[in-house]
Amino acid sequence: MKSLLNNIFLLAGLFAAASSNLSFAQAPSGAIHLNQIGFYPGGTKIAAISGDEHSSFEVRDAKSGKIVFKGKLGSSRTSQHSGKVTKIADFSGVKKAGNYIIEVPGLGRSAPFRIASQVHREVAEASLKGFYYQRASIELPEKFAGKWARPAGHPDDKVLIHASAVSQNRAENAVISSPKGWYDAGDYNKYIVNSGITMGTLLSLYEDYPAYFENFNTNIPESNNGVPDLLDEVIWNLRWMLTMQDPADGGVYHKLTNPRFDGMIMPGAAKNPRYVVQKNTPATLDFVAVMAQSARIFKSFDNKFPGLADSCTTAAVKGWEWAKKNPKILYNQNEVNKQFDPDIVTGAYGDRDASDEWIWAGAEMYALTRKKDYLEGLGLESPQTMVLPTWSQVKTLGYYTLLRFSEDLKSEGQLTNPLKQAVTNYAGTLLTDLEKQPYNTVMGKEAKDYAWGSSSVAANQGIALLYAYRITKDRKYRDASLGNLDYLLGRNATGYCFLTGFGSKRVMHPHHRPSIADGIEEPVPGLLSGGPNPAQQDKCAGYPNKFADESFTDNDCSYASNEIAINWNAPMVYLSAAIEAIMGQEK
Ligand code: 9MR
Ligand code: 9MR
């Protein structure tokens, strides 16, 4: 109820502020689904209109109301999830920069949106800035955090060795220092496995589009240090990760965590003891991959961060050696809790299979050292099948890295050709029947796309399509990738723009402790809501129904559909920034 009222107030406020504008003369119609931020002058422009009663639409100048484009709606499409009907409005023909609305006669109008070059720049900047707001162990002053300024939380300079993590020089309850890092999500714990894919995605973004980040300012404390803000942000978490390696043997702890989740309090108010828990193979290999990739990148910044690249290389090699000796230790939280006290009941990230972590770590170690040994036994020379990256499935991050260096590895065609094939095959499957989809997006074709954190599925599909675009130069992949960005920013069955702080239909109540506890109406900006998830594990009231594509509620009890998480934000940064790097320069 509170959220409904807030939305009404938001709309009422906009109405009062701008009622002279045509665009605000009436509340926007929920039946018009589109990217609420906008479109590139030369790019595809699509809206999806609910229902089959209407047949035409207009694009109007938002201020004057003048019609600039008239179009016919496409034929009816039926959602495989809800059975509901939509029609597509294609207004790609409108190429002039400006502010517009869409009107469907007899139905209503959209909220205003822009056509402009660099139309997603603020989205990209804000999604990266979202990581700054997730920083542990540091105060966020107003200068950088605006009204979301807050005292430091979780110093993590006195962290206990959990009974499951005891080793040579570290007895149970011995104290170590493990500060910095990002909070994982709506909770305040720090998990190596989820940091792995998050860091891999952000570091790959830098390696894929380095020039774009030369001039990309997110107003963080390090902004003027002559290093791209993307890398400065990554270093905040990298320095934490380095402390998670047991110096005695190179193994890496699974997580730094409270035994139980903190309440809905601000970071600075949280005082519960924190532990590092059991070393294991997936965590160690994810760590190795991140350290190898970081070593590669920070070699070029040795004058700014003396010794950092070397420390990363050493850490990577030590981690790899530990994993070689311990190739199959998995983290099983229930088993750990049977054996040791206190019980740990926070996020499990309990991967059941380390074979994909071996591929990712091996690929990164090979790219760093060019030593073939690292690829031995990974089976990369035979035909490969790509799967979308998730926290528990990271082999594709290794594929992406080997492809990134495919020019360098020219003599290694037997290595990179099967990977190129795997990525383009996968992208091809994504494109099949795109023109039949109710919102004309790759996202949501399969019911399984709507898993916990479905927004990250959309973003990661978008990234896969951009790799296929790099390999083939075929624009259909680029355009479909942009279509998934459109999905995240509003062209979806819920009608929500899933990035906090953006859109005309906004996420206002994410499951995010600071946003809940800070007493500020707007949530912390630049955070990507998890998105529809029909499993509804949170049993929260407020879901509209069980349809996969609509199973979302903007309610802070809904950790299964409306939490935020670093491994979802990272592909959002990648997708929006890469699209900007590719399309933002076009007039
Ligand atoms: O806040 C927690 C969130 O970060 C997790 O994703 C989620 C699932 O593990 O759990 C949330 O914590 C809830 C807990 O599981 C059950 N009691 C209520 C907690 C807050 O809603
Ligand atoms: O993203 C994770 C999802 O794949 C799992 O199904 C879910 C339940 O185990 O946990 C999600 O991760 C949460 C983590 O356990 C704790 N921090 C919040 C994460 C996002 O909800």
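Residues numbered from 1 in each chain as written. Chains lettered and ligands numbered in written order. Predicted model: local features only at pLDDT ≥ 70, side-chain atom pairs only at ≥ 80, totals over all residues. Heavy atoms only, no water.

**Some details on the state of the cysteines**
And then number 1: Tallied over the entire structure, the rule returns 1 disulfide.
And then number 2: Disulfide partner of Cys 540: Cys 557, at an S-S distance of 1.5 Å. Residues Cys 540 and Cys 557 are joined by a disulfide whose S-S torsion is about 95°; by sign, that bridge is right-handed. With Cys 540 in the loop between helix H14 (513–517) and helix H15 (566–583) and Cys 557 in the loop between H14 and H15, this residue pair connects regions lying 17 residues apart in the sequence. (Disulfide = S-S within 2.5 Å. Helix = DSSP H or I, 4+ residues; strand = E, 2+ residues; numbered from the N terminus.)

**What to know about the sheet that holds strand S11 (residues 159–161)**
And then number 1: Strand order in the open sheet made by the 5 strands is S12-S11-S15-S14-S13, with mixed pairing throughout. For this open sheet the edge positions go to strand S12 (175–176) and strand S13 (190–191), each flanked by a neighbour on one side alone.
And then number 2: Pairing geometry for S11 and strand S15 (residues 275–276), over 2 bridges, is parallel. The residue bridging Leu 160 from the neighbouring strand is Tyr 275, located in S15. (Pairing = 2+ DSSP bridges.)

**Notes on the site of ligand 2**
And then number 1: All residues in the neighbourhood of ligand 2 are listed as Asp 184, Ala 185, Asp 187, Tyr 191, Gly 347, Tyr 349, Trp 391, Trp 452, Glu 563 and Trp 568.
And then number 2: Between Tyr 349 and ligand 2, the recorded distance is 3.3 Å, taken from a side-chain N or O atom to an oxygen atom.
And then number 3: One nitrogen or oxygen atom from the side chain of Glu 563 is found 3.1 Å from an oxygen atom belonging to ligand 2.
And then number 4: Surface burial for ligand 2 is 76%, taken as the share of its 450 Å² of free accessible area covered by protein chains.
And then number 5: Partitioned by chemical class, the residues of the shell around ligand 2 number 6 nonpolar, 1 polar and 3 charged. (Near = heavy atom within 4 Å. Polar contact = N/O pair within 3.5 Å; in protein donor to acceptor, adjacent residues only side chain to side chain. Areas by Shrake-Rupley, 256 points an atom, 1.4 Å probe, with all protein chains shown as cover. Nonpolar A, V, L, I, M, F, W, Y, C, P; charged D, E, K, R; others polar.)

**Some thoughts on the pairing of strand S4 (residues 56–61)**
And then number 1: Where S4 lies against strand S5 (residues 67–72), 5 bridges are found, and the strand directions are antiparallel. From the neighbouring strand, Val 59 faces S5, where its bridge partner is Phe 69.
And then number 2: The hairpin turn running from S4 into S5, its antiparallel successor, is 5 residues long, and Gly 65 in that turn takes a positive phi close to 80°.
And then number 3: Bridge count for S4 against strand S8 (residues 98–104) is 4 bridges, and the pairing is antiparallel. By the bridge assignment for S8, Arg 60 is matched with Ile 101.

**Description of the site of ligand 1**
And then number 1: Around ligand 1 lies a shell formed by Asp 187, Phe 261, Met 264, Trp 452, His 511, Arg 513, Tyr 559 and Glu 563.
And then number 2: A distance of 2.9 Å separates an oxygen atom of ligand 1 from a polar side-chain atom of Arg 513.
And then number 3: Against a free-state accessible area of 440 Å², the protein chains account for coverage of 60% of ligand 1.
And then number 4: Classifying every residue of the shell around ligand 1 gives 4 nonpolar, 1 polar and 3 charged.

**Some thoughts on the nonpolar core**
And then number 1: By size, the foremost hydrophobic cluster in this structure holds 139 residues, and its most contacted members are Leu 205, Phe 298, Leu 380 and Leu 488.
And then number 2: For this core, the element with the most residues is H15, which contributes 12 residues.
And then number 3: Not counting residues up to four positions away in its chain, the partners in contact with Phe 298 are Leu 231, Ile 235, Leu 238, Phe 305, Leu 308 and Ala 309.
And then number 4: The next biggest cluster of nonpolar side chains, apart from the first, holds 16 residues, and it includes Phe 57, Val 59, Ile 102 and Phe 113. (Core = buried A, V, L, I, M, F, W, Y, C linked by side-chain atoms within 4.5 Å. Buried < 20%, exposed > 50% of the residue type's maximum accessible area, 1.4 Å probe, protein only. Contact = heavy atoms within 4.5 Å.)

**Re the domain arrangement of the protein chain**
How big an interface is tends to be reported as the loss of accessible area on association of its parts.
And then number 1: Here the protein chain is described as being made up of domain 1 (23–115) and domain 2 (121–497 + 564–585).
And then number 2: For domain 1 and domain 2, the distance between their C-alpha centres works out to 36 Å.
And then number 3: Taken together, the contacts link 20 residues of domain 1 with 29 residues of domain 2.
And then number 4: Of the roughly 1800 Å² buried where domain 1 meets domain 2, counting both sides, 53% is carbon and sulfur surface.
And then number 5: Contact with domain 2 buries area across many residues of domain 1, yet His 33, Tyr 40 and Arg 77 alone supply 33% of it, more than any other trio.
And then number 6: The interface formed by domain 1 and domain 2 contains 0 salt bridges.
And then number 7: Counting across the interface, domain 1 meets domain 2 through 12 residue pairs in polar contact (both at pLDDT 80 or more).
And then number 8: When contributions to the side of domain 1 that touches domain 2 are tallied by element, the ones reaching two or more residues are strand S3 (46–50), strand S6 (77–78) and strand S7 (85–90).
And then number 9: Per element, the largest residue contribution to the side of domain 1 that touches domain 2 is 3 residues, and it comes from S3. (Domains from an automatic or database assignment. Buried area = accessible area lost by both parts, 1.4 Å probe. Salt bridge = Lys/Arg side-chain N within 4 Å of Asp/Glu carboxyl O.)

**Concerning the pattern of salt bridges**
And then number 1: All told, the structure shown has 24 salt bridges when counted by the stated rule.
And then number 2: The salt bridge involving Asp 408 is made with Arg 370; its shortest N-O contact spans 3.5 Å. Here Arg 370 lies in the loop between helix H9 (355–369) and helix H10 (395–404) and Asp 408 lies in the loop between H10 and helix H11 (413–431), a separation of 38 residues in the sequence.
And then number 3: Judged by its relative accessible area of 53%, Asp 408 falls in the exposed class.
And then number 4: Here Arg 478 ties to Asp 479 by a salt bridge, and the two come within 3.1 Å at their closest N and O atoms.
And then number 5: Given the relative accessible area of 27%, Asp 479 is considered partly exposed.
And then number 6: Several salt bridges share partner residues, and in doing so they unite Glu 207, Asp 208, Arg 296, Glu 364, Arg 404 and Arg 470 into one network.

**What about unusual backbone geometry?**
And then number 1: Going from Asp 341 to Pro 342, the amide bond is cis rather than trans, its omega being -10°.
And then number 2: Secondary-structure assignment places Pro 342 in the loop between helix H8 (333–339) and H9.
And then number 3: The residue Asp 433 is not glycine, and still its phi comes out positive at about 65°.
And then number 4: Take Asp 433: it is sitting in the loop between H11 and helix H12 (454–472).

**Here we look at helix H5 (residues 229–242)**
And then number 1: For H5, built from 14 residues, the straight-helix expectation of 20 Å at 1.5 Å per residue is met to within 8% by its first-to-last C-alpha distance of 20 Å.
And then number 2: Of all the bends in H5, the greatest, near 25°, is centred on Ile 235.
And then number 3: The buried count for H5 comes to 12 of 14 residues, which makes it a mostly enclosed element.
And then number 4: By the burial criterion, the buried members of H5 are Asp 229, Leu 230, Leu 231, Asp 232, Glu 233, Val 234, Ile 235, Trp 236, Asn 237, Leu 238, Trp 240 and Met 241. (Expected span 1.5 Å × (residues − 1). Bend = angle between axes of the 7 residues up to and from the residue.)

**With respect to the environment of Leu 242**
And then number 1: In this fold, Leu 242 is placed in helix H5.
And then number 2: With 64 residues separating them along the chain, Leu 242 and Ser 178 place their C-alpha atoms 8.6 Å apart.
And then number 3: If we skip the residues at most four places from it in the chain, Leu 242 touches Phe 287, Met 291, Leu 308, Ser 311 and Ala 315.

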